[in-house]
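Observations on the three-dimensional arrangement
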Amino acid sequence: MSRPIYERLAKTPKRKLDKLEYQHQQHLTRFSNAKEGKLNETQELDRRLDKLRTKATKELESSVPRSLGTAMEMRHVKADLLIAKSVLAVLRSNQFYHRMMVMLIQDVKAGVEYDPDRIENLVPMEFSELVEGSVLSSNLGDLLGDLGSEAGTGDGGDPT
Amino acid sequence: MISWFSSSRIRSYVKLSTRKQNKMKQEIDQRYAQQRSTLDSRLSYARDCARKADRLMSRGKTEKAKEELNSFKLELASSQPVLNAYVSTALEKQLLEVMSMEGFEFPDLLTELRSDVDFGLFSVNATDQLDAVLQAEANPFEELGIEL
């Protein structure tokens, strides 16, 4: 997969590689910072949701309607949390891409032999948290699977 | 490939001129602000109905409380399509912001390396799918054990 990229890099002059490495390093910093910002937002939403959950549970002991009001607020926060986690995944994928490019360029410059296993092993390290602890890994994964088979569709189409 | 990233509308955004990108972002920003405001007002009205029902119940006015609870249910049902639209627009708005960042790449390489990477709501393309996902995931009532 990344072999063509590696081979292309191997044919690139050193001065151009230096420039490319610098650019990817800049992009890496940019996406890492954006990811940190989104992570903070996600944590803040998680905290808000926890507070509302505690409040609603407490209210439930004395009055169901009062708890319903708080649950409505929870609904909005839950939706915002799903959005933030989805955007976080995109930022993380870009961070990964630029990190991988920096690593490949450095490998080429150092004359390191191409090792596909090393690249593939990087992915689980970067994404294990995302795969294990986020949206699709919950029951949403099954739900999306069911919906996909019901609709009998694969990819494509306008999302809006 | 993940559904949102295979959409031609999204794919072509990066190739647009800055002027056209800004125009598209502006349109989405406006739509987002309007949907957010509508959603906020529906949720706020529903909360008011729930609070009124609570007050009426505590005063023993059961029938009036039932009426308020019915209004709550109506607001809850009517807020679902707005919530779906809001989430869809918010996703698009934030994706365009990320795509405008220098160095943005579609996650094609990553998905080729590993097929189970979770892109959350970006994996959902059709409106009915989004509706089903939000009904299941953004529904606090079940979590609280409240049956409506």
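Nothing here was measured: the structure is a model prediction, and the numbers come from that model. (Residues numbered from 1 in each chain as written. Chains lettered and ligands numbered in written order. Predicted model: local features only at pLDDT ≥ 70, side-chain atom pairs only at ≥ 80, totals over all residues.)

1. Focus on the overall build of chain B
Here is the rule we go by: Helix and strand definitions follow DSSP, with helices as H or I runs of at least four residues and strands as E runs of at least two, each counted in order from the N terminus. Radius of gyration here uses only the C-alpha atoms, and the compact-globule reference equals 2.2 Å multiplied by the residue count raised to the power 0.38. Here the C-beta atoms are placed from the backbone, and a residue counts as buried if at least 20 other C-beta atoms lie within 10 Å of its own, exposed if 12 or fewer do, and partly exposed otherwise. By definition, residues are in contact whenever their C-beta atoms, placed on the basis of the backbone, come within 7 Å of each other.
When helices and strands are counted, chain B shows six helices and zero strands. Since a compact globule built from 148 residues should have a radius of gyration of about 15 Å, the 20 Å found for chain B marks it as more spread out than a globular shape. Dimensions of chain B along its principal axes, counting C-alpha atoms only, are 65 × 35 × 20 Å. Scored against the burial criterion, the 148 residues of chain B give a buried share of 32%. Within chain B, contacts between residues separated by at least 24 positions form 74% of all contacts whose residues are at least 6 apart in sequence.

2. Considering the overall build of chain A
Looking only at helices and strands, one finds five helices and zero strands in chain A. Of the regular secondary structure in chain A, the N- to C-terminal order runs α-α-α-α-α. Looking at chain A residue by residue over its 160 residues, the buried ones come to 36%. Taking contacts inside chain A between residues at least 6 apart in sequence as the whole, the part at least 24 apart equals 79%.

3. Looking at helix α2 (residues 18-58) of chain B
For the α-helix, the turn length of 3.6 residues means that residues three or four positions removed from each other point alike. Here is the rule we go by: Between the first and last residue of a helix there are one fewer steps than residues, each counted as 1.5 Å, and that sum is the expected span.
Here α2(B) spans 59 Å end to end across 41 residues, near enough to the 60 Å set by a 1.5 Å rise per residue. Within the span of α2(B), buried status applies to B:Leu43, B:Ala46, B:Cys49, B:Ala50, B:Ala53 and B:Asp54. At its buried positions, α2(B) is contacted by α3 (64-110) of chain A together with α3 (62-99) of chain B.

4. Concerning the interface of chain B and chain A
In plain terms, the rule: Asp, Glu, Lys and Arg are counted as charged, while Ala, Val, Leu, Ile, Met, Phe, Trp, Tyr, Cys and Pro are counted as nonpolar; the rest, among them Gly, fall into the polar class.
Taken together, the 60 residues of chain B in the interface contact 55 residues of chain A. Looking at the side of chain B that touches chain A, the elements that each hand over two or more residues are α2, α3, α4 (108-113), α5 (127-137) and α6 (140-144) of chain B. Ranked by residues supplied to the side of chain B that touches chain A, first place goes to α3(B) with 11 residues. Taken together, the residues of the side of chain B that touches chain A break down into 37 nonpolar, 11 polar and 12 charged.

5. Things to note about the packing of α3(A) against α3(B)
Here is the rule: Think of each axis as a best-fit line through the C-alpha atoms, taken over the contacting stretch in the case of a helix, with angles from 0 to 180 degrees between the N-to-C directions. In what follows, roughly perpendicular refers to angles from 65 to 115 degrees, roughly parallel to angles under 35, roughly antiparallel to angles over 145, and oblique to any angle outside these ranges. Helix crossings fall into two classes, left-handed where the near helix is turned counterclockwise from the far one by less than a right angle and right-handed where it is turned clockwise.
At a minimum axis distance of 10 Å, the contact between α3(A) and α3(B) shows a crossing angle of 15°. Classified by the angle their axes make, α3(A) and α3(B) are roughly parallel. α3(B) is crossed by α3(A), and the crossing has right-handed handedness. Across the interface between the two elements, A:Pro65, A:Leu68, A:Ala79, A:Ile83, A:Ser86, A:Val87, A:Val90 and A:Leu91 from α3(A) touch B:Leu69, B:Phe72, B:Leu83, B:Val87, B:Ala90, B:Leu91, B:Gln94, B:Leu95 and B:Val98 from α3(B). Tallied by class, residues from the contact of α3(A) with α3(B) come to 15 nonpolar, two polar and no charged.

6. Concerning the confidence of the model for chain B
This is how the line gets drawn: By definition, pLDDT measures how confident the predictor is in each residue, and it falls between 0 and 100.
Taken over all residues, the pLDDT of chain B has a mean of 88, while the share at 70 or more is 98%. For this predicted complex, the interface score ipTM comes out at 0.90, while the overall pTM is 0.84.

7. Description of the nonpolar core
Within soluble globular proteins, side chains that are nonpolar generally end up buried alongside one another. This is how it is decided: Nonpolar cores are built from buried Ala, Val, Leu, Ile, Met, Phe, Trp, Tyr and Cys residues. These are joined into a set through C-beta atoms within 7 Å.
In this structure, A:Ile83, B:Phe72, B:Val87 and B:Leu121 are the most contacted members of the largest nonpolar core, which totals 58 residues. Of all the secondary structure elements, the ones that give two or more residues to this core are α2 (14-62) and α3 of chain A together with α2, α3, α4 and α5 of chain B. Examining the composition of this core, we find that 22 residues originate from one element, α3(A), more than from any other. Each residue touching A:Ile83, except ones within four places of it in the same chain, is listed here: B:Val87, B:Ala90, B:Leu91, B:Gln94 and B:Leu121.

8. Considering the packing of α3(A) against α2(B)
It is the contact of α3(A) with α2(B), at a shortest axis distance of 7 Å, that shows an interaxial angle of 165°. As far as their axial angle goes, α2(B) and α3(A) are roughly antiparallel. Two packed elements cross with a definite hand, and for α3(A) against α2(B) that hand is left-handed. Contacts between α3(A) and α2(B) involve A:Pro65, A:Arg66, A:Leu68, A:Gly69, A:Met72, A:Glu73 and A:His76 from the former and B:Leu39, B:Leu43, B:Ala46, B:Arg47, B:Ala50, B:Arg51, B:Ala53, B:Asp54 and B:Met57 from the latter. Its residues assigned to classes, the contact of α3(A) with α2(B) comprises nine nonpolar, two polar and five charged.

9. Focus on the confidence of the model for chain A
Residue and element names in this part refer to chain A. Scored by pLDDT, chain A comes out at a mean of 80, with 75% of its residues at no less than 70. Per-element confidence in chain A is highest for α2, whose mean pLDDT is 95, and lowest for helix α5 (residues 139-151), whose mean pLDDT is 47. Below pLDDT 50 for its whole length, residues 130-141 participates in 26 contacts with residues either more than four positions away or in separate chains. Counted against residues more than four places away or in other chains, residues 150-160, with its pLDDT under 50, gives 18 contacts.

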